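# Summary of the model geometry
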Amino acid sequence: MTATLMLASVCTTASARSSYDEQFVSYPVYSGDDLELTVSPEGTAFRLWSPKAEAARVNIYNHGKGGKPVEVFNMEFHPDNGTWTASTPEQLYGKYYTFQILHNGKWLDETPGIWAKAVGINGKRAAIIDLSATNPEGWKDDKGPKVDNFTDVILYEMHHRDLSMHPSSGVSNKGKFLALTEEGTISPDSLATGIDHLKELGITHVHILPSYDYNSIDEENLQFNNYNWGYDPLNYNVPEGSYSTNPSDPATRIREMKEMIKTLHDNGIGVVMDVVYNHTADNDNSNFELTAPGYFHRHRDDGSYSDASGCGNETASDLQQMQDFIVNSVKYWAQEYHIDGFRFDLMAIHDIETMNRVAAELKEINPSIFVYGEGWTAGDSPLPVEQRALKENVAKMSGIAVFSDDLRDAVKGHYTDASDRGFATGKPGLEETVKIGIVAATAHPQVDYSKGNNSRFAYASSPEMIVNYVSCHDDLSLTDKLKKSMAGLPEKDMLEAAKLAQTIVFTSQGTPFIFAGEEIWRDKKGVHNSYKSPDTVNAIDWRNKEVYADQFAYYQGLTELRRNHPAFRLTTADEIARHLVFDEIDSEKTPNLISYSLKDNAGGDSWKEIKVVFNGASEPQEVKIAKGKWMIVARDGKISPAEGLGQFKGGKITLAPYSALILAKEK
Ligand code: CA
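Since we're looking at a predicted model, the values are computed, not measured. (Residues numbered from 1 in each chain as written. Predicted model: local features only at pLDDT ≥ 70, side-chain atom pairs only at ≥ 80, totals over all residues. Heavy atoms only, no water.)

### Digging into the sheet that holds strand β18 (residues 466-468)
Around the barrel, which closes on itself, the 8 strands sit in the order β10-β11-β14-β15-β16-β17-β18-β19 with parallel pairing between neighbours. Across the sheet, the mean angle from the axis of one strand to that of its neighbour is 30°, orientation sign disregarded. Two strands pair when backbone bridges link them, and strand β11 (residues 205-208) and strand β14 (residues 270-275) are joined in this way by 4 bridges, in the parallel orientation. Across the sheet, V206 pairs through a bridge with V271, a residue of β14. (Pairing = 2+ DSSP bridges. Helix = DSSP H or I, 4+ residues; strand = E, 2+ residues; numbered from the N terminus. Axes fitted to C-alpha atoms, helices over the stretch in contact; angles between N-to-C directions.)

### Thoughts on the packing of aromatic side chains
As enumerated under the stated definition, the model contains 40 aromatic pairs in all. Centre to centre, the rings of F46 and Y97 are 5.3 Å apart; their planes meet at 65°, and the pair counts as edge-to-face. Pair noted here: F46 is in strand β2 (residues 43-49) and Y97 is in strand β7 (residues 96-103), with a separation of 51 residues, a long-range link. Each of the two residues, F46 as well as Y97, counts as buried. Between the aromatic rings of W229 and Y231, the centroid separation amounts to 6.2 Å while the plane-to-plane angle is 85°, which identifies the pairing as edge-to-face. Residue class for Y231 comes out buried when judged on its relative accessible area of 0%. Note that K258 overlies the ring of Y337, its terminal NZ or CZ placed 5.6 Å from the centroid. (Phe/Tyr/Trp six-rings, centres within 6.5 Å; stacked < 30°, edge-to-face > 60°. Buried < 20%, exposed > 50% of the residue type's maximum accessible area, 1.4 Å probe, protein only. Lys NZ or Arg CZ within 6 Å of the ring centre and 35° of its normal.)

### Some remarks on the environment of E643
Positionally, E643 belongs in the loop between β25 (638-639) and β26 (647-648). Note: C-alpha distance between E643 and E42 (601 residues apart in sequence) is 65 Å.

### Concerning the sheet that holds strand β1 (residues 38-40)
Backbone hydrogen bonds are what pair the strands of a sheet, in a parallel or an antiparallel way. The strand order across the open sheet built from 4 strands is β1-β2-β6-β5, with neighbouring strands paired in antiparallel fashion. Two strands close off the open sheet at either side, each with one partner strand: β1 and β5 (76-78). When the angles between neighbouring strand axes are averaged without regard to direction, this sheet yields 25°. Sheet topology note: the β5/strand β6 (residues 83-88) ladder contains 3 bridges and is antiparallel. When the bridges of β6 are listed, E76 appears paired with T85.

### A closer look at the packing of helix α10 (residues 478-485) against helix α11 (residues 491-507)
Packed helix pairs are characterised by how far apart their axes lie and by the angle those axes make with each other. With their axes 10 Å apart at the nearest point, α10 and α11 run at an angle of 130° to one another. When the axes of α10 and α11 are compared, the pair comes out oblique. In the crossing of α10 with α11, the sense of the turn from one axis to the other is right-handed. Each of L478, L482 and K483 in α10 lies in contact with α11, whose residues at this interface are M494, A497, A498, A501 and Q502. Of the residues assigned to the contact of α10 with α11, the class counts are 6 nonpolar, 1 polar and 1 charged. (Parallel < 35°, antiparallel > 145°, perpendicular 65-115°, else oblique. Left-handed = near helix turned anticlockwise from the far one by under 90°. Contact = heavy atoms within 4.5 Å. Nonpolar A, V, L, I, M, F, W, Y, C, P; charged D, E, K, R; others polar.)

### A word on the coordination of the calcium ion
Surrounding the calcium ion are the protein donor atoms D213 (OD), Y214 (O), E219 (OE) and E240 (OE), at 2.2 to 2.4 Å. We note that the donor set of the calcium ion lies within a single chain, spaced as D-Y-x4-E-x20-E. Comparing Y214 with E219 shows no difference in burial state: the two are buried. (Donors = N, O, S within 2.8 Å, 3.2 Å for Na, K, Ca; no water.)

### Focus: the packing of helix α6 (residues 320-336) against helix α7 (residues 352-365)
Taken N-terminus to C-terminus, the directions of α6 and α7 make an angle of 30°; their axes are 10 Å apart at the nearest point. As summarised for this structure, α6 and α7 are arranged roughly parallel, according to the angle between their axes. As for how α6 packs across α7, the hand of that crossing is right-handed. Each of Q320, Q323, D324, I326, V327, V330, K331, A334 and Q335 in α6 lies in contact with α7, whose residues at this interface are E353, T354, R357, V358, E361, L362 and I365. Split into classes, the residues belonging to the contact of α6 with α7 amount to 7 nonpolar, 4 polar and 5 charged.

### Looking at the pairing of strand β24 (residues 630-635)
The buried fraction of β24 amounts to 5 of the 6 residues, a majority that puts the element mostly inside the structure. Judged from the 2 bridges that link them, β24 and β26 form a sheet pairing that is antiparallel. The partner of W630 across the bridge, within β26, is F648. In the sheet, β24 pairs with β25 via 2 bridges, with the strands oriented antiparallel. Bridged to R635 within β25 is K638. Here β24 folds back onto β25 in antiparallel fashion, the turn holding 2 residues, of which D636 has a positive phi close to 50°.

### Side note on the pattern of salt bridges
Counted by the stated rule, this structure contains 41 salt bridges. In this structure, the salt-bridge partner of D162 is R522, at a minimum N-O distance of 2.9 Å. You can see D162 sitting in helix α2 (residues 160-164) and its partner R522 sitting in the loop between β19 (511-515) and α12 (535-538), a full 360 residues away along the chain. For D162, a relative accessible area of 3% gives the class buried. Classification of R522 by relative accessible area gives buried; the value is 2%. Note that D448 is salt-bridged to K451, the shortest N-O span being 4.0 Å. Under the relative-accessibility criterion, D448 is labelled partly exposed at 29%. By relative accessible area, K451 is classed as exposed at 52%. Salt bridges sharing partners connect three or more residues here, namely K492, E496, K499, D550 and K638. (Salt bridge = Lys/Arg side-chain N within 4 Å of Asp/Glu carboxyl O.)

In structure tokens form, the structure reads like this:
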């Protein structure tokens with residue numbers, strides 16, 4: 001669902017919001033923090049923002065599903081701020097509620113509103129619970145890892161089911177939030193799985209696929225074991241029910257998600273949540289439409305839904321009440337759930353001003369919160385290109401990073417063509433685009449952006465604006481991509497190409513990101529858009545950890561290298577331009593070869609100079625290294641950052657096909 005289309009450069013420039021959407025600009029807005037539900041010693045108060053409703057009411061229920069309302073409160077309108085209120089001196093804990101508005105003379109369907117913080121089964125009714133009772137023991141002191149620079153983060157993108165559903169996971173709470181609370185789980189070969197595996201691997205943050213309440217899984221029929229990525233938002237401020245052990249009890253999903261976060265934090269791992277404010281699962285029946293019809297979505301001039309998400313609609317962050325919703329929603333997750341970062345799906349559907357507010361207000365809560373997103377849309381939008389939170393506009397944003405599709409497509413081959421190869425698999429002509437990734441898309445005297453495949457200018461002004469990766473949940477996994485593009489070659493070559501590809505990711509400036517399981521050669525059975533494929537396609541087979549132990553050890557070496565060497569985690573564009581020096585190589589004569597040095601204790605590194613060489617060719621290639629007392633850190637598919645693989649005095653050295661060479665010297 002998160003289309004990786006790159007339409008930014010081909011979109012026609014829209015001039016302004018559509019004539020239809022102009023009507024919403026004059027709506028009164030409400031910025032108070034008591035929207036929809038407040039329970040206090042004085043009782044229960046409701047406040048719904050719906051400026052054009054002709055009437056509004058609250059229905060109170062005893063259950064999350066079925067039965068008639070036990071009470072109905074008619075609401076009173078406040079034209080100055082567009083809200084409707086009702087209250088009762090009773091604290092209605094344990095009850096459920098829905099709102100309903102009269103629109104064009106007709107009562108619309110019931111909605112839990114857009115600010116439900118707890119819901120009954122399938123998110124149809126909001127629940128009134130005491131949130132403080134959902135906090136696990138020690139929650140008050142719970143904290144995620146402190147992050148000084150976002151280039152220090154190592155991201156691991158995972159879906160709850162992928163990690164634990166396979167019988168070999170050894171996890172009891174398969175597919176649940178609680179899976180990551182289980183320590184000591186092992187594979188049939190007695191190797192660590194689950195959270196212990198994450199610790200062994202050495203990542204700093206898990207990036208969980210959408211975990212708010214989404215629409216596609218019937219929480220009443222979990223025995224069918226349906227799978228979905230979750231890019232179909234329903235209730236933005238409530239955890240998804242199917243990841244809890246009891247979706248019909250509103251408190252359980254909240255408590256269990258907090259327990260997961262607490263266990264990860266206790267183990268030094270941060271939690272990034274994938275958020276999808278750019279569209280809703282339904283159009284007319286979305287909670288936005290049932291709350292304030294028309295307002296929260298963008299439209300074309302004729303009033304039809306515009307569709308920059310490719311999912312049927314797009315939201316309108318350029319309108320004040322929607323911008324407030326996004327900002328306050330992420331702040332709620334940061335405060336109530338201690339979330340350490342947010343990955344914005346199709347971020348360019350949102351405007352730059354909204355994203356800047358998101359980052360600024362989150363950093364006031366916790367400066368370690370990392371905000372990044374997909375700097376593109378999946379279709380055209382009425383939002384003018386210059387206002388979009390696009391990759392190309394990242395330098396206009398503050399404290400926000402974007403995914404580098406430059407590095408991704410150049411290293412492994414284009415995502416739209418399974419058979420296309422990349423720099424790491426022997427395709428010539430991509431050297432300059434890989435170099436754009438190496439310098440985190442910052443201006444560098446030796447990088448010629450006019451030769452870039454995706455972007456033609458240095459769009460980032462800091463490495464903290466770039467997330468580097470070669471694969472994610474979208475499209476073919478790295479394993480499948482290599483199996484398809486290197487078909488006919490021995491698996492050994494594919495494994496070496498995977499190591500090379502990820503070495504490029506981990507040594508490049510910016511923040512590295514890997515897709516869960518690739519460290520043990522996880523595939524998705526060749527399915528690229530596996531958003532609703534069964535677990536047999538998506539689940540990680542943990543027996544791979546024994547079979548591909550060499551692969552796992554190499555990935556461990558990559559995280560160790562990066563964690564211990566700030567030269568790979570420089571924090572300014574200026575440092576990169578000064579310390580990172582490419583060796584002159586004629587790519588016409590010797591394609592698929594890149595060599596550079598990180599000089600003069602870059603970033604305060606203990607190593608005075610680091611030499612990094614990549615050979616993406618199918619043949620060995622030779623390079624000449626300056627004389628010196630070098631330690632071999634990585635060579636021919638092996639890596640040993642601390643001990644080294646041996647010494648080297650300089651001179652000629654040969655790199656195996658699809659391999660990286662890393663040398664370091666202290667003086
Ligand atoms: Ca749901």
